[in-house]
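# Per-entry structural report
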Amino acid sequence: EIGLYAYANGQAWSNYITPISPLTTDLDRISEALFALSISGSSEYCGAVIKTSLDDLEWSKNKNDLRVIFIAGNEEFTQGPIAYQSTCKEAMNRNIIVNTVFCGPYEDGIAIKWKDGADLAEGRYMNIDHNEAIVHIDAPQDQEIQSLNLELNNTYIYYGATGKEMKERQNVQDANASQFGRANYAKRAAVKASSNYLNTTWDLVDAFNTSSLDFEKIDSETLPEELRSKSVGELKKYIQKIDTDRKAIQERIRDLNAQRMEYVKEQQKGGNKTLDAAIIEMIREQA
């Protein structure tokens, strides 16, 4: 599950904090929110936004679950009315790790306490050059992954009052990802081929696999037109076939993505680590 906050003066809520999304498995929602996000302002109340996330998000109480906060910014970590020391310690006491990402020179971030915040919550400190353009490395597998992603989309069968809208949103987020080239599009396709991409609230296949839907209660008028006349039995049989097709497509995407990652790893040897790679490395270590 992923949640998202924006925080900086210019944001609308108390302490310049705007809750963008609660913890959710709806990754298209997170994608949509990130592409819509604009950042401005010179006041960043780190202690306050960490405190807000601790208090307001519905954190898992399972002791075996990994709970992590990533906070990024480029102002002093000490700003605002709520001390970062107390909120970082509270996070640690609740077994929630705080990782900090300073947007600027490494030593500058240390001087203005970004590393101290991470240290207090058993997290990691890192920095990035936020003015540097991200380099997306194209790989030989990208073209086939792109084609398979289009096939994958055809296995999503919308239902419910907002189902058709959510299906269209899926396509929009594909288009957003493609703005940054085939490599970025391939990364999104890889996520959609994983178990983390789950759309039980609008997709019949995911809902069928999680047994979260009473098929007798589906309003047939909310289904694609070609499925509206099917009986419940016929619909379930059709979904089982689509599910088999989807799993085969996802498996092929995962195989290609593994090859793609090896290729990119070779191309990146000796270069600077990207933000996504650093975050993945942190999460694996902490898990």
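Structure report, in brief. (Residues numbered from 1 in each chain as written. Predicted model: local features only at pLDDT ≥ 70, side-chain atom pairs only at ≥ 80, totals over all residues. Heavy atoms only, no water.)

### As for the overall build of the protein chain
Helix and strand counts for the protein chain stand at 11 helices and five strands. Overall, the protein chain is about 65 × 45 × 35 Å in size when its C-alpha atoms are taken along their principal axes. For the protein chain, the share of sequence-separated contacts (at least 6 apart) that also reach a separation of at least 24 residues comes to 72%. Across the protein chain, the 32 positively charged side chains and the 44 negatively charged ones have centroids separated by 4 Å. (Helix = DSSP H or I, 4+ residues; strand = E, 2+ residues; numbered from the N terminus. Contact = heavy atoms within 4.5 Å. Lys, Arg positive; Asp, Glu negative; His and termini not counted. Charge placed at Lys NZ, Arg CZ, Asp CG, Glu CD.)

### Regarding the pattern of salt bridges
Per the stated rule, a full pass over the model turns up 18 salt bridges. The salt bridge partner of Glu90 is Lys51, with a shortest N-O separation of 3.1 Å. Note that Glu90 is positioned in helix H3 (residues 84-93) and Lys51 in helix H2 (residues 46-56), a separation of 39 residues in sequence. You can call Lys51 partly exposed: its relative accessible area is 25%. With a closest N to O distance of 3.1 Å, Arg252 and Glu144 form a salt bridge. Here the residue Arg252 occupies a position in helix H10 (residues 232-267), and Glu144 occupies one in helix H6 (residues 142-153), the gap between them amounting to 108 residues. Classification of Arg252 by relative accessible area gives partly exposed; the value is 33%. With relative accessibility at 36%, the residue Glu144 sits in the partly exposed group. (Salt bridge = Lys/Arg side-chain N within 4 Å of Asp/Glu carboxyl O. Buried < 20%, exposed > 50% of the residue type's maximum accessible area, 1.4 Å probe, protein only.)

### Quick look at the nonpolar core
Core analysis: the biggest nonpolar cluster contains 24 residues, and Ile50, Ile71, Phe77 and Trp114 have the highest contact counts within it. Elements supplying a minimum of two residues to this core: strand S1 (2-7), H2, strand S3 (68-73), H3, strand S4 (97-103) and helix H5 (114-120). Beyond its immediate chain neighbours, meaning those up to four positions away, Ile71 contacts Tyr7, Cys46, Val49, Ile50, Phe77, Val98, Asn99, Thr100, Val101 and Trp114. (Core = buried A, V, L, I, M, F, W, Y, C linked by side-chain atoms within 4.5 Å.)

### Points about the packing of helix H1 (residues 27-36) against helix H7 (residues 163-178)
Interaxial distance between H1 and H7 falls to 10 Å at its minimum, and their mutual angle equals 50°. Comparing the axis directions of H1 and H7 gives the class oblique. Pair H1 / H7 crosses with left-handed handedness. Together, Asp28, Arg29, Ser31, Glu32 and Phe35 of H1 and Arg169, Gln170, Gln173, Asn176 and Ala177 of H7 make up the contact between the two elements. Looking at the contact of H1 with H7 residue by residue, the class counts come to two nonpolar, four polar and four charged. (Axes fitted to C-alpha atoms, helices over the stretch in contact; angles between N-to-C directions. Parallel < 35°, antiparallel > 145°, perpendicular 65-115°, else oblique. Left-handed = near helix turned anticlockwise from the far one by under 90°. Nonpolar A, V, L, I, M, F, W, Y, C, P; charged D, E, K, R; others polar.)

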